[in-house]
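# Descriptive structure summary
Here is what each chain is made of, one letter per residue.
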Amino acid sequence: MAKTIELQIEKSKNLQSGLLRNLKEVQKYGVTSDDLRTMEADIEALSAANEECDRLRAELAAKVKSMNRTLAVVKEQFQVKKRVIKLNFPQEQWHVFGVQDKR
């Protein structure tokens, strides 16, 4: 969980429960039990969304790691194959094989 969001969730839960325990005292200032139920639902929604984001971040990190390994393999294959062309054919023919190098 992101530290900022985790901290906000904790502080909001504490405030919501404190207000609920002292509802009679804060009702005269416009705080209702409906407000507190809505706040509780919003806190839970934030917590669930944050958990989903954490799961997606972990999944993305794994996919990026896999992609980077594949990229390294492709780059190596590219270099080896390009070297074959450069060492065995004259520069004027390199473009026929898809080699873009000018020198």
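Residues numbered from 1 in each chain as written. Predicted model: local features only at pLDDT ≥ 70, side-chain atom pairs only at ≥ 80, totals over all residues. Heavy atoms only, no water.

## Description of the overall build of the protein chain
Test applied: For helices the rule is a DSSP run of H or I covering at least 4 residues; for strands it is a run of E covering at least 2, with both sets numbered from the N terminus onward. The quantity called the radius of gyration is restricted to C-alpha atoms. Its globule counterpart is 2.2 Å times the number of residues to the power 0.38. Any two residues whose heavy atoms approach within 4.5 Å at even a single point are treated as in contact. Counted as positive: Lys and Arg. Counted as negative: Asp and Glu. His and the chain ends are not counted at all. The location of each charge is read from NZ of Lys, CZ of Arg, CG of Asp or CD of Glu.
Scanning the protein chain from terminus to terminus reveals three helices and zero strands. Across the protein chain, helices and strands are ordered from the amino to the carboxyl terminus as α-α-α. Relative to a compact globule of 103 residues, whose C-alpha radius of gyration would be 13 Å, the protein chain shows 30 Å and is clearly more extended. Excluding contacts between residues fewer than 6 apart, the proportion of contacts in the protein chain whose partners are at least 24 apart in sequence is 43%. The average position of the 19 basic charges and that of the 15 acidic charges among the side chains of the protein chain differ by 11 Å.

## A short note on helix α1 (residues 3-21)
How we decide: The span you would expect from a helix comes to 1.5 Å times its residue count less one. Burial classes: relative accessible area under 20% of the type maximum marks a residue as buried, over 50% as exposed, and values in between as partly exposed (1.4 Å probe, protein chains only).
Compared with the 27 Å implied by 1.5 Å per residue over 19 residues, the 27 Å span of α1 between its first and last C-alpha is a close match. Of the positions making up α1, those classed as buried are I9, S12, Q16, G18 and L19. At its buried positions, α1 is contacted by α2 (23-26) and α3 (33-88).

## Concerning the packing of α1 against α3
For clarity, the threshold we go by: For helices, the axis comes from a line fit to the C-alpha atoms of the stretch in contact; other axes are also lines fit to C-alpha atoms, and the angle between any two N-to-C directions lies between 0 and 180 degrees. With respect to orientation, any angle under 35 degrees is reported as roughly parallel, any angle over 145 as roughly antiparallel, any angle of 65 to 115 as roughly perpendicular, and every other angle as oblique. The hand of a helix crossing depends on one turn: near helix anticlockwise from the far one by less than a right angle means left-handed, and clockwise means right-handed.
Orientation of α1 relative to α3, taken along the N-to-C sense of each, is 160 degrees, at an axis distance of 10 Å. As the angle between them shows, α1 and α3 are arranged roughly antiparallel. Handedness of the α1/α3 crossing: left-handed. On α3, the residues that touch I5, I9, S12, K13, L15, Q16, L19 and L20 of α1 are L36, M39, E40, I43, E44, L46, S47 and N50.

## Here we look at the packing of aromatic side chains
To keep things clear, this is the line we draw: Note on aromatic contacts: the rings of Phe and Tyr and the six-membered ring of Trp form a pair at centre separations within 6.5 Å, being stacked when their planes are under 30 degrees apart, edge-to-face when over 60 apart, and tilted otherwise.
Under the criterion given, the structure shown has one aromatic pair. Between F89 and F97 the ring centres are 4.5 Å apart and the planes differ by 40 degrees, which places this aromatic pair in the tilted class.

## Observations regarding the environment of I85
You can see I85 is positioned in helix α3. When its relative accessible area of 12% is taken as the criterion, I85 is described as buried. Along the chain, I85 and H95 lie 10 residues apart, while their C-alpha atoms are 9.8 Å from each other. Not counting the four nearest positions on each side in its chain, I85 is found in contact with W94, F97 and V99.

## Side note on the pattern of salt bridges
The line we're drawing: Salt bridge, as used here, is a side-chain nitrogen of Lys or Arg placed within 4 Å of a carboxyl oxygen of Asp or Glu.
The tally for this structure, following the rule as stated, stands at eight salt bridges. Across the salt bridge formed by K13 and E44, the nearest N and O atoms sit 4.0 Å from each other. Here K13 is found in helix α1, whereas its partner E44 is found in helix α3, with 31 residues between them in sequence. As a salt-bridge pair, D101 and K86 come within 2.4 Å of each other at their nearest N and O atoms. One end of the pair, D101, is in the segment after α3; the other, K86, is in helix α3, and 15 residues separate them in sequence. For D101, a relative accessible area of 27% translates into the label partly exposed. Residues joined in a network through salt bridges with shared partners are E52, R55 and E59.

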